[in-house]
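Below are the chains, spelled out letter by letter.
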Amino acid sequence: MTDKAAAVRFDPVRARQDFPIFRQPIYGKRLVYLDTAASAQKPRQVIEAIKHCYEAEYANVHRGVYYLSQRASENFEAARETVRSFINAREGREIIFVRGATEAINLVAQTWGRANLTPGDEVLISHIEHHSNIVPWQMLRDQIGCVLRVAPVDDDGALILEEFERLLGPRTRLVAITHMSNALGTITPIAEIIRLAQARGIPVLVDGCQAAPHMDVDVQALGCDFYVFSGHKLYGPSGIGVLYGKAALLEAMPPYQGGGEMIASVTFDKTTFAPIPHKFEAGTPHISGAVGLGAAIDYLRGLDLAAMREHELALMRYASKRLGELNSVRLFGTAADKGAIVSFDVTGIHPHDVGTIIDREGVAVRAGHHCAQPVMDRFNVAATVRASFGLYNTFEDVDALIQGVRRAQEVFAG
Amino acid sequence: MMDIRDLYQEVILDHSRRPRNFGRLADANCEAEGDNPLCGDRVHIYLRIEGDRVTEARFEGRGCAISMASASLMTDMLRGLALDEVRALFQHFHAVVTHGESAEACDWIDLDKLNVLSGVREYPVRIKCATLAWHTMKAALEGKRTPVRTE
Ligand SMILES: Cc1ncc(COP(=O)(O)O)c(C=O)c1O
């Protein structure tokens, strides 16, 4: 499909009106928000769902016999069902609500990992992981003596599949890998990765933080064992996220935290844990967060998702082309298969200086290592500037970015 | 609103492009390392102290224009100062980049140089870029071994 045709079916200017934040100017200028990969802005529909949750249907869940508690419990479980159908999980009990992707990965490391790995066992990750898919495995390594292996990427930032396959050895017990890199935008060949690993009996955890907002995710078609993502990158609230796990795996795993909600019965001698998903949801959950996430998914489903994705990719291609035309701009992450993220630097100007200067033009980008220092090391830079696109961005936003980079070059030219 | 050029003044750009006193100091007897994990800015401060005076100051590092210019300006100013003058200068600098008022009278040195860094006051997230070299220098004087972090 051509970029024009997508634009006909998806109208970002109209979608933008759903997001109250864009009503305010920044430094007197139109807000150009290019940091959706860090966190997405929220549509009115999500904000209102949260407001409604507190104003009309709030109580603790799964506890009270009274009307409001029942309503709150129903809404909370309805959100679980919305998430289930969004990623096409087989059953609702395979959806665990957590604080975010970070907590989901830590949960798997500390429960599944501790129960299943022994010294010398290997966890295979890639060179383009977010710190949250590195550090939990390092902590596990230090606790139980397992080994962390890293599959390399090429100069375009694409995973080298043959190297990945070579690293799948007799001691590999888990593959934990991103679906889409937050620092570079690289989309990994996840279906192939899962096929290669599972052919050897190795389970796969997929970090879907960046993929969930931008790609179709069908966990049954992928066949992955775990899939994690955060609500706040999916136009939902922060503090809520999802761990999907195959029921059989989740059932066999020990619980993560202990407390209320996660038990069937407690005496001082013995506690019987609740069945999944509640076994992994100790304590009062983020009720309005789950409701807000459900509302975000409902909002997305009201859009033409295919056309929206095509639009985001068109923005990425346009930005790459325009940046490539500027003098002294280097692009990082030029894999053939990539999502709506562009990472770059400007010769002679530190990314933070670029970030500060274009911020004054009303353009919000991320400048730094994007919580992926190994990626920066791979490309021999301390930091990059990253522009990431969401459904409310327009071609005009890309033009503002280019204008901002030019301005930074002017300022530094003295 | 400030113009962006109030932050990126010519002196700052000049010092960041051609940092003074850049490179290792072989006979340093006081040194420390600092980093700013948010930006990846990194600086190593080398001082030579004889008696109660700084006789030489140099630095190595990488980072944004603000952090490099600040280190360059600082090392320029330190040379020849007595240690209590260095401490007073640190206080003065801190005031300049945070609220502008300084209780320290530093009439023994030309402070105009420091005022070019006052622009960061308007950019709260960038203040630590300017202060990194200074905190690292202070840590060096205090004999701290663990790297300094500005956060
Ligand atoms: C690819 C990826 N994984 C994991 C995370 C961590 O997500 P959170 O901070 O929401 O737990 C992020 C967010 O920055 C990400 O982009």
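Computed from a prediction, not measured in an experiment: that's the story for all the values here. The written sequence of each chain sets the order in which its residues are numbered from 1. Chains and ligands are labelled by the order in which they are written, letters from A for the one and numbers from 1 for the other. Restriction of local features to residues with pLDDT of at least 70 applies here, the model being predicted, together with a cutoff of 80 or more for giving and counting side-chain atom pairs; totals for whole chains, interfaces and linings are based on all residues. As a convention, hydrogens and water are excluded, and side-chain values are obtained from all of the structure's heavy atoms.

### As for the overall build of chain B
Part 1 of the reasoning: A count of helices and strands for chain B gives six helices and four strands.
Part 2 of the reasoning: The secondary structure listing takes helices from DSSP runs of H or I that are at least 4 residues long and strands from runs of E that are at least 2 residues long, numbered from the N terminus. Shown N-terminal to C-terminal, the secondary structure of chain B runs as helices and strands in the order α-α-β-β-β-α-α-α-α-β.
Part 3 of the reasoning: Radius of gyration here is computed from C-alpha atoms only, and the compact-globule reference equals 2.2 Å multiplied by the residue count raised to the power 0.38. Its C-alpha atoms give chain B a radius of gyration of 14 Å, within 12% of the compact-globule value 15 Å for 151 residues.
Part 4 of the reasoning: When the backbone C-alpha atoms are referred to their principal axes, chain B occupies close to 45 × 35 × 25 Å.
Part 5 of the reasoning: Each residue is assigned to one of three classes by its accessible area relative to the maximum for its type, calculated with a 1.4 Å probe on protein chains only: buried under 20%, partly exposed between the two thresholds, exposed over 50%. Taking all 151 residues of chain B together, the buried fraction comes to 54%.
Part 6 of the reasoning: A sequence separation of at least 24 residues applies to 59% of the contacts in chain B between residues at least 6 apart.
Part 7 of the reasoning: Charge convention: Lys and Arg are scored as positive, Asp and Glu as negative, and His as well as the terminal groups of each chain are ignored. For this purpose, a charge sits on NZ of Lys, CZ of Arg, CG of Asp or CD of Glu. When the 20 basic and 24 acidic side-chain charges of chain B are each reduced to a single mean position, those positions are 6 Å apart. Any two residues whose heavy atoms approach within 4.5 Å at even a single point are treated as in contact.

### Comments concerning the state of the cysteines
Part 1 of the reasoning: The disulfide criterion is simple: two cysteine sulfur atoms within 2.5 Å. Under the criterion given, the structure shown has zero disulfides over all chains.
Part 2 of the reasoning: A:Cys224 takes part in no disulfide bond, and the closest cysteine sulfur, belonging to A:Cys209, lies 14 Å away.

### Notes on the site of the ligand
Residues and elements named next belong to chain A.
Part 1 of the reasoning: Inspection of the region around the ligand gives Gly 100, Ala 101, Thr 102, His 130, Ser 132, Asn 182, Asp 207, Cys 209, Gln 210, Ser 230, His 232 and Lys 233 as its neighbouring residues.
Part 2 of the reasoning: Polar contact criterion, stated in full: a pair of N or O atoms within 3.5 Å, where within protein one must be able to donate a hydrogen and the other to accept it, and residues adjacent in sequence count only if both atoms are side-chain atoms. In the model, an oxygen atom of the ligand is placed 2.6 Å from a nitrogen or oxygen of the Ser 230 side chain.
Part 3 of the reasoning: Taking His 232, its side chain carries an N or O atom lying 2.7 Å from an oxygen atom of the ligand.
Part 4 of the reasoning: Residue burial considers only the protein chains on display, and all accessible areas are found by Shrake-Rupley using a 1.4 Å probe. Calculation on the ligand without its partners gives an accessible area of 390 Å², and the protein chains cover 85% of this total.
Part 5 of the reasoning: Each residue is assigned to one of three groups, with Ala, Val, Leu, Ile, Met, Phe, Trp, Tyr, Cys and Pro labelled nonpolar, Asp, Glu, Lys and Arg labelled charged, and all others, Gly among them, labelled polar. Counted by class, the shell around the ligand contains two nonpolar, eight polar and two charged residues. Each residue is tested against the molecule or strand, and it is near if at least one of its non-hydrogen atoms lies within 4 Å.

### Topic: the packing of aromatic side chains
Residues and elements named next belong to chain A.
Part 1 of the reasoning: Two aromatic rings, drawn from Phe, Tyr or Trp (for Trp, its six-membered ring), form a pair once their centres lie within 6.5 Å of each other, and the interplanar angle then sorts them: stacked below 30 degrees, edge-to-face above 60, tilted otherwise. For the coordinates displayed, the defined rule picks out 15 aromatic pairs over all chains.
Part 2 of the reasoning: For the ring pair Phe 19 and Tyr 235, a centre distance of 6.0 Å and an interplane angle of 65 degrees mean the geometry is edge-to-face. With a gap of 216 residues between them, Phe 19 in the loop between helix H2 (12-16) and strand S1 (32-33) and Tyr 235 in the loop between strand S7 (226-230) and strand S8 (241-245) connect regions that are remote in the sequence. Here Phe 19 matches Tyr 235 in class, with each residue buried.
Part 3 of the reasoning: Linked through ring pairs, Phe 19, Phe 22, Tyr 33, Tyr 235, Tyr 299 and Tyr 392 together constitute an aromatic cluster.
Part 4 of the reasoning: One Lys or Arg, Arg 16, reaches over the ring of Phe 22 and ends 4.2 Å from the middle of that ring.
Part 5 of the reasoning: Lysine and arginine charges are scored as sitting over a ring when NZ or CZ, respectively, is within 6 Å of the ring centre and within 35 degrees of the ring normal. Positioned over the ring face of Phe 379 is Arg 378, at 5.2 Å from the centre of the ring.

### So, the pattern of salt bridges
Two side chains that carry opposite charge are able to pair once their charged atoms sit near each other.
Residue and element names in this part refer to chain A.
Part 1 of the reasoning: Throughout this description, the term salt bridge denotes a Lys or Arg side-chain nitrogen within 4 Å of a carboxyl oxygen of Asp or Glu. As enumerated under the stated definition, the model contains 37 salt bridges over all chains in all.
Part 2 of the reasoning: Measuring nitrogen to oxygen at the nearest pair gives 3.2 Å for the salt bridge that ties Glu 310 to Arg 317.
Part 3 of the reasoning: Residues joined in a network through salt bridges with shared partners are Arg 30, Glu 396 and Asp 397.

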